[in-house]
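Understanding the architecture of this molecule
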Amino acid sequence: MKNEKLCIVHYALCIGICLLLMACSKKPADVSRVDALPEIYPDYVDVTIPVGLAPLNFSMSDEAFSIIDVEVKGSKGGAMHANGAYADFDIDEWHRLLEQNRGGYLTFTVCAEKQAKWLQFRDFAVHVSQDPLEEWGVTYRRIPPSYELYSRMGLYQRELGTFEESELLQNTRLEGNCVNCHTTNRTNPDQYVFHVRGEHGATVISGELLMAKNDTLGGSMVYPYWHPGGRYCAFSTNKTSQMFHSNMKNKRIEVYDSSSDVFVYDTRTHTVLRDTLVMTKYWAENTPAFSPDGKWIYFTTARRQVYPTDYDKEMYSLCRVSFDEQTGRLGEQVDTLIDTSATGKSVSWPRPSYDGRYLMYTQADYGYFSIWHPEADLWLLDLKTKETRALKEVNSECSESFHNWSANSTWFLFTSRREDGLYTRLYFAHFDKQTGKATKPFLLPQRNPRRYYRQLMYSYNTPDFAARPLDIHPREMADRLLKQDRTATHTCSPNDN
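A brief structural summary. Not measured: the values here are computed from a predicted model.

This brings us to the nonpolar core. Counting 87 residues, the largest nonpolar core has F58, F89, F108 and F412 as its most contacted members. Of the residues forming this core, the biggest block, five residues, is contributed by strand β33 (residues 425-432). With sequence-adjacent residues up to four places away left out, F108 is seen in contact with F58, V70, E71, V72, F89, W94, D123, F124 and V126. In this structure, L155, L169, F194 and A478 belong to the second largest nonpolar core, which totals 20 residues.

As summarised here, the arrangement of the four strands in space is β27-β28-β29-β30, forming an open sheet in which the pairing is antiparallel. A strand with exactly one partner marks an edge of an open sheet, and here the two such strands are β27 (346-352) and β30 (388-390). Here the strands of the sheet are splayed against their neighbours by 30° on average, with no regard to which way each runs. For strand β28 (residues 358-364) and strand β29 (residues 377-382), the ladder comprises six bridges, and the chain directions are antiparallel. Directly across from L359, in β29, lies its bridge partner L381.

Attention shifts here to the side chain of T362. Within the secondary structure, T362 is located in strand β28. For T362, a relative accessible area of 0% gives the class buried. If we ignore the near neighbours within four places in the chain, the residues touching T362 are S346, V347, S348, W349, S370, A376, D377, L378, E400, S401 and H403.

Turning our attention to the sheet that holds strand β24 (residues 296-303). Strand order in this open sheet of four strands is β23-β24-β25-β26, and the pairing throughout is antiparallel. Edge positions in the open sheet fall to β23 (283-290) and β26 (329-338), since each of these has one partner strand only. Averaged over all adjacent pairs, the angle separating strand axes in this sheet is 30°, with direction ignored.

Turning to the layout of surface pockets, a few remarks are in order. Roughly 260 Å³ of internal volume is contained in the second largest pocket. Lining the second largest pocket are 22 residues, and of these L273, T327, G328, R329 and C492 sit closest to its centre. Elements that contribute at least two residues to the lining of the second largest pocket include exactly β21 (253-266), β22 (271-273) and β26. In terms of residue count, β21 provides more of the lining of the second largest pocket than any other element does, four residues in total. Its residues placed into classes, the lining of the second largest pocket shows nine nonpolar, seven polar and six charged.

Summarising the sheet, β29 and β30 pair through three bridges and their orientation is antiparallel. Its bridge partner being in β30, L381 is matched across the sheet by T388. Remark: five residues form the turn of the hairpin made by β29 and β30, two consecutive strands paired antiparallel; K386 in that turn has positive phi of roughly 70°.

By the secondary structure assignment, S396 is in the loop between β30 and β31 (400-405). A distance of 3.1 Å separates a polar atom in the side chain of S396 from the backbone nitrogen of C398. Of the polar contacts made by the side chain of S396, one reaches the side chain of E400; its length is 2.6 Å. Those residues in contact with S396, other than ones at most four positions away along the chain, are D377, S416 and R418.

A few words on the packing of aromatic side chains. Remark: the centre distance and the inter-plane angle together describe each pair of aromatic rings, the angle taken between the planes. Taken as a whole and assessed by the stated rule, the structure comprises 29 aromatic pairs. With a centroid separation of 5.2 Å and an interplanar angle of 80°, the aromatic rings of Y232 and F323 are classed as edge-to-face. Taken together, the residues span a long stretch of sequence, with Y232 in strand β20 (residues 232-244) and F323 in strand β25 (residues 317-324) at a distance of 91 residues. We note that Y232, like F323, is buried.

A separate point is helix α2 (residues 91-100). Every buried residue of α2 is listed here: I91, W94, L97 and L98. Axial view of α2: buried residues confined to an arc of 125°, hence all on one face. Exposed residues lying more than 90 degrees from the buried face of α2 are D92 and R96. Its side-chain oxygen placed 3.3 Å from the backbone nitrogen of D92, D90 serves as the N-cap of α2.

How each quantity is defined
- Residues numbered from 1 in each chain as written.
- Predicted model: local features only at pLDDT ≥ 70, side-chain atom pairs only at ≥ 80, totals over all residues.
- Heavy atoms only, no water.
- Core = buried A, V, L, I, M, F, W, Y, C linked by side-chain atoms within 4.5 Å.
- Buried < 20%, exposed > 50% of the residue type's maximum accessible area, 1.4 Å probe, protein only.
- Helix = DSSP H or I, 4+ residues; strand = E, 2+ residues; numbered from the N terminus.
- Contact = heavy atoms within 4.5 Å.
- Pairing = 2+ DSSP bridges.
- Axes fitted to C-alpha atoms, helices over the stretch in contact; angles between N-to-C directions.
- 1 Å grid on protein atoms, 1.4 Å probe; cavity = no way out; pocket = protein on both sides within 12 Å on 5 of 7 lines; lining within 4 Å.
- Points joined across faces, edges and corners; volume = space filled by probe spheres on them.
- Nonpolar A, V, L, I, M, F, W, Y, C, P; charged D, E, K, R; others polar.
- Polar contact = N/O pair within 3.5 Å; in protein donor to acceptor, adjacent residues only side chain to side chain.
- Phe/Tyr/Trp six-rings, centres within 6.5 Å; stacked < 30°, edge-to-face > 60°.
- Arc of directions from axis to C-beta.

Treat this as a map of the structure, not an account of what it does.
Rendered as structure tokens:
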């Protein structure tokens, strides 16, 4: 009797699933052609993608369309089909199609039903780049819109070939402490650093837990960037404050530093290498980055203002100083590459391409915390010709920031608030090293993108590529951080013996 009831339940469940699939799947009939491209979400029309990327699933932007039918054909052969409430492509079939059409393109034919009428739109193309991405995935922090309280946040990694995401460390394991600024060495997961603020604070460098603060620095070790050799890591130490705007519709909050300095940390000797050249009294040095050959440190600097009243007069210039890997010392002269007195704008987040040719940075009207500045755009400096320009092909009316290069310098990622002006999302673009031009950016693919991004009340933050999965076990890392064992650091200056 029991088995019969189970069979009946099983049969009813199968019938229900079949009916659901039939309701969500319907073949086009009596189709009317529309002389317009389909408005889809996400907008993947005419983007360029790498082989190995997860499927570009999408839906119609207009929710009045109940069913979408998509035929995909490769310029070098192969085809696939999707039909349902949204275009959900088989991952294995999609990967085979991309590989077959490397250097070619895919043609998408979209039909959609609205109010019992089928419409067929103009075909659009997705280009499959000849340049490989050569990265396993990406890492990032997801953080809710919070100001005084950290709330729930975490560090995560995501495989780019699938939709699989895994936790690196959530702050719920650390009694709500803040976790931030996860950075690898040129996408190498064997060398990484991130910072924890709060009662269980620490700077974690490749699994080693350092004391969160060094008293002689007067602050924490933040905004890290690795030397390519792996021994050194550049940081800034910042006394950060924030305030709220009361009369600006498009700006809610302002973040500024009452002081900040740049320094280099020696991972072998646990030594903070201080130098007065980049630790000046009346200037705020910030956001350091090593050159790919390790011979230079790029950083930004601004004359300190009277805070908070003169926050909008804080203008950062882009500078560089030489670095000697053998001695760990800086050179004797600072070069200014982009002078704010000439541009009238502020530079932040310098990121050189790993081939050494270009440097991408964010430019805003003032300050450096660009995610709160809707006018913030990505700019590109040609280190060979010294010419600089706005990356108009990827910028939007909302904030663009937190960019990083792939190891082969042919792809880059960045965050943008172009979706709604509120949440930062993760975008990617191909970069032509010969012309210095980027392609139309595309949103990080998700299985059901409209449902995912509508339900996600978190922002993507400080993203980077990862060559392989990071070997971090969240529970073990949290257990270590909850203990008080920390490695102490000490400081020295160029005049110390």
